[in-house]
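Structural features, examined
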Amino acid sequence: MPDIALDNVLVAPGAVDTKEWLLLNQDIRLELDGAVHNLYNFKFDQAERQFRSLRRRYPNHPMAYFLLGLNTWWKIMPSNTYNQQYDELFFAYMDTAITKADTQYQADGHNYEAAFFLSAAYGFKARLHAERHDWRKATLSSKRALAYLQKSKEANGLSPEFVFGEGLFNYYSVWIAEEYPWLRPVLWFFPKGDRAVGLAQLEQVAQKGFYTAAEARFFRMRILGSAREGNTAAALTAARTLTKDFPDNSCFERAYAQNSFAEGEFFDCEKASRDILAKINQGMPGYEGFSGRQAAYFLGYMQQYQYRNFTAAQDYYRRCVVFSESVGQTEGGYYLFAVANLGRIAASARDIPVARNYFQLVVNQAEHKSDLYREARAYLKKHPLTAMDRAPSNLALGK
């Protein structure tokens, strides 16, 4: 393969037999170009048909099963992984990929492609086990993923796909140790990571990868926009290009709206938010309450503070409340900010009973040390309930 610096490659290209490796097969890559795009553009049915076609021709290779599992993973992602509807199918695909790859690896200990799929499949399983708070299975899968990662990275120079897992490990092993101190005894048994190297490796895969490029771009965007890195300008640039390339991916579009809002790019935020709500109304895959609550909140905020259209702001905030309730996200975030702003609007209109209703909800739900709690508590203390206030109002929450 071209552009390989042999001094940085642990395994020279001619040292192993790669003719059966689908990751390096340019014909397969051309064939799957549309399928990979469909996956990340949330055209799940089309992508699945193409991956099944690959499986029919290569029934003993792990690639098709892994890609089918990845296709299923992205059905889970729009709900911030709360949706458990696809768990069983996801694990089934990844377990089959592991079985197929393990057979190849046992037959040839230098089959770094098999090691790659073993590492990747175990890694994705670990992610979902962690999301489900099954720490025993998450730890076990992580250890197995790392063991095969150590093997597959010997072929990093053969393809940027092999670098993806190492990049994630290098960054997140440091992040986890700092964010979750109680996991440090577990991490003691893992190699040390390097945050800067991990981010650079993800950038390399984002630019030069094929199968893992979109994943690397997504992780890089999330890392840059995180509280730790605090580079929302760079995260916005990444989100904008992802949304341009995959306009029907709700996770990418949601990140675009969020980073636009954080950067004060309200025109872009409004455009993306309206597009999200329109796609929810159309019933497009991946567009549901998690995306809707964010989009509705942003639009409500802009109507309130930019356009001073309080009627429209109330409508969007109420929609945010309904979306949040529909997905069980009522303990903070957009839900409480929407309720608090509804309370502020009612207070400005001197509608004390309605304002009290909203602020009482904030007091019931918000953290006691938060600014929202203190504000709501102060309003309730200043405006105690009277007999007149007990009359029902047509501005009650969600009406």
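Residues numbered from 1 in each chain as written. Predicted model: local features only at pLDDT ≥ 70, side-chain atom pairs only at ≥ 80, totals over all residues. Heavy atoms only, no water.

A separate point is the nonpolar core. Looking at soluble globular proteins, one finds that nonpolar side chains tend to be buried together. With 119 residues, the main nonpolar core has Leu32, Tyr40, Met63, Phe66 and Trp74 as its most contacted residues. A total of 11 residues in this core trace back to one element, the largest contributor, which is helix 5 (residues 112–131). Tyr40 has contacts with Leu70, Trp74, Tyr211, Ala214, Glu215, Phe246, Asn249 and Phe252, leaving out every residue within four places of it along the chain. (Core = buried A, V, L, I, M, F, W, Y, C linked by side-chain atoms within 4.5 Å. Buried < 20%, exposed > 50% of the residue type's maximum accessible area, 1.4 Å probe, protein only. Helix = DSSP H or I, 4+ residues; strand = E, 2+ residues; numbered from the N terminus. Contact = heavy atoms within 4.5 Å.)

Turning to helix 4 (residues 87–107), a few remarks are in order. Across its 21 residues, helix 4 extends 30 Å between first and last C-alpha, which sits within 8% of the 30 Å expected from 1.5 Å per residue. When we look at burial in helix 4, the residues that qualify are Asp87, Phe90, Phe91, Tyr93, Met94, Ala97, Ile98, Lys100, Ala101, Gln104 and Tyr105. Packing partners of the buried residues in helix 4 comprise helix 2 (44–57), helix 3 (62–76), helix 5 and helix 6 (135–152). (Expected span 1.5 Å × (residues − 1).)

Now for the packing of helix 11 (residues 232–245) against helix 12 (residues 250–262). Viewed as axis vectors pointing N to C, helix 11 and helix 12 meet at an angle of 145°, and their least axial separation amounts to 8 Å. Regarding helix 11 and helix 12, the two cross each other, and that crossing is left-handed. Taken together, the residues of helix 12 that come into contact with helix 11 (itself represented by Thr232, Ala235, Leu236, Ala239, Arg240, Leu242 and Thr243) are Phe252, Glu253, Ala255, Tyr256, Asn259, Ser260 and Ala262. Of the residues that constitute the contact of helix 11 with helix 12, the class distribution is 8 nonpolar, 4 polar and 2 charged. (Axes fitted to C-alpha atoms, helices over the stretch in contact; angles between N-to-C directions. Left-handed = near helix turned anticlockwise from the far one by under 90°. Nonpolar A, V, L, I, M, F, W, Y, C, P; charged D, E, K, R; others polar.)

To continue, consider the packing of aromatic side chains. Under the defined criterion, the tally for this structure stands at 34 aromatic pairs. Seen from their ring centres, Phe261 and Tyr301 are 5.1 Å apart, and the 80° between their planes marks the pair as edge-to-face. Here Tyr301 lies in helix 14 (residues 289–305) and Phe261 lies in helix 12, a separation of 40 residues in the sequence. In this structure Tyr301 comes out as partly exposed when scored by relative accessible area, which is 26%. Centre to centre, the rings of Tyr297 and Tyr334 are 5.7 Å apart; their planes meet at 50°, and the pair counts as tilted. Remark: Tyr334 occurs in helix 16 (residues 333–348) and Tyr297 occurs in helix 14; sequence separation between them is 37 residues. For the pair shown, Tyr297 and Tyr334 are each scored as buried. (Phe/Tyr/Trp six-rings, centres within 6.5 Å; stacked < 30°, edge-to-face > 60°.)

This brings us to the side chain of Asn38. Along the chain, Asn38 falls in helix 1 (residues 26–40). Look at Asn38 and you get buried, because its relative accessible area is 18%. Apart from residues no more than four positions distant in its own chain, Asn38 is found in contact with Lys43, Phe44, Gln46, Ala47 and Gln50.

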